[in-house]
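Listed here are the chains, written in short residue letters.
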Amino acid sequence: MKQRIRSTTVLCVRRDGKVVMAGDGQVTLGSEVLKSTARKVRRLYNDKILAGFAGSTADAFSLFARFEAKLEQFNGNLSRAVVELAKEWRTDKILRHLEALLLVADTKNTYILSGNGDVIEPDENIASIGSGAPFALSAATALMRHTKLSAHDMVVEAMKIAGQTCIYTNGNVTYEELA
């Protein structure tokens with residue numbers, strides 16, 4: 001039986017003109033932690049776009065390269081770049097076999113992209129992908145609705161909760177912020 005690599009909690013929150021994305025560092029194969037310091041969140045397109053991935057690392061790097069090319073092609077227009085990447089990802093014979101999700105954001109928009117051609121814009125100012133996504137999303141939603149925390153503080157707290165709840169999430173978190 002093929003063991004599934006499980007990893008990642010990536011969370012994005014926007015509040016009061018700030019956008020914060022965070023990703024934990026854990027990569028797990030079966031019951032073994034293979035790596036605890038993976039960097040799953042990065043800045044793209046002249047530091048104007050935040051992007052995080054969940055899934056196969058090699059697949060994610062391929063997608064980041066394609067996504068960066070789309071951002072260049074459309075002069076940083078995130079909405080256009082995500083739609084074009086999703087179309088290519090779904091129809092390209094090689095790309096459509098990639099196993100990953102992307103979470104991308106700029107100062108105005110947040111999107112989740114999948115290989116099925118999905119381009120999802122969350123209803124609220126919170127989005128999450130990966131094994132720990134339900135935990136981080138739930139924590140961030142409660143914090144958004146019931147506190148005045150800043151986007152950064154909200155993400156820090158939600159990632160702590162996800163790390164304490166999800167066995168595929170650790171406390172070694174990378175944060176990126178746009179204002």
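Look up a bit, the structure's there.
What comes next concerns the included structure. Computed from a predicted structure; not experimentally measured. (Residues numbered from 1 in each chain as written. Predicted model: local features only at pLDDT ≥ 70, side-chain atom pairs only at ≥ 80, totals over all residues. Heavy atoms only, no water.)

Quick notes on the packing of aromatic side chains
Moving on, step 1. The tally for this structure, following the rule as stated, stands at 2 aromatic pairs.
Moving on, step 2. Pairing F53 with F61 gives two aromatic rings, centres 6.3 Å apart and planes at 50°, and the pair type is tilted.
Moving on, step 3. One aromatic cluster is present, built from ring pairs that chain together F53, F61 and F64. (Phe/Tyr/Trp six-rings, centres within 6.5 Å; stacked < 30°, edge-to-face > 60°.)

A short note on the sheet that holds strand β9 (residues 110-114)
Moving on, step 1. Strands sit in the order β6-β7-β8-β9-β10 across an open sheet of 5 strands; the sheet is antiparallel. Every other strand in the sheet has two partners, leaving β6 (41-44) and β10 (119-120) as the edge strands with one partner each.
Moving on, step 2. Taken strand by strand, helix α1 (residues 57-73) contacts β6, β7 (49-55) and β8 (100-105), and its axis lies near 150° from that of β7.
Moving on, step 3. This element, helix α2 (residues 78-91), spans β7, β8, β9 and β10 of the sheet and lies at about 10° to β9. (Pairing = 2+ DSSP bridges. Helix = DSSP H or I, 4+ residues; strand = E, 2+ residues; numbered from the N terminus. Contact = heavy atoms within 4.5 Å. Axes fitted to C-alpha atoms, helices over the stretch in contact; angles between N-to-C directions.)

Focus: helix α3 (residues 133-146)
Moving on, step 1. For α3, built from 14 residues, the straight-helix expectation of 20 Å at 1.5 Å per residue is met to within 8% by its first-to-last C-alpha distance of 20 Å.
Moving on, step 2. Turning to α3, its buried residues number three or more, namely A133, A136, A139, A140, T141, L143 and M144.
Moving on, step 3. In the core, the buried residues of α3 are packed alongside β2 (9-15), β11 (126-130) and α4 (151-165). (Expected span 1.5 Å × (residues − 1). Buried < 20%, exposed > 50% of the residue type's maximum accessible area, 1.4 Å probe, protein only.)

Looking at the environment of G76
Moving on, step 1. Summarising the element assignment, G76 is placed in the loop between α1 and α2.
Moving on, step 2. Between the C-alpha atom of G76 and that of K87, which follows or precedes it by 11 residues, the distance is 18 Å.
Moving on, step 3. With sequence-adjacent residues up to four places away left out, G76 is seen in contact with Y45, I49 and L71.

Some words on the side chain of K40
Moving on, step 1. With respect to the helices, strands and loops of the structure, K40 is situated in the loop between β5 (32-35) and β6.
Moving on, step 2. Since its relative accessible area comes to 2%, K40 is described here as buried.
Moving on, step 3. A polar contact is formed between the side chain of K40 and the backbone oxygen of Q26, at a distance of 2.6 Å. (Polar contact = N/O pair within 3.5 Å; in protein donor to acceptor, adjacent residues only side chain to side chain.)

Overview of the side chain of T110
Moving on, step 1. With respect to the element layout, T110 can be found in strand β9.
Moving on, step 2. Its relative accessible area of 7% is what places T110 among the buried residues.
Moving on, step 3. Polar side-chain contacts of T110 include one of 2.8 Å to the side chain of R14.
Moving on, step 4. If we ignore the near neighbours within four places in the chain, the residues touching T110 are C12, R14, L103, V104, A105, I120, E121, P122 and A127.

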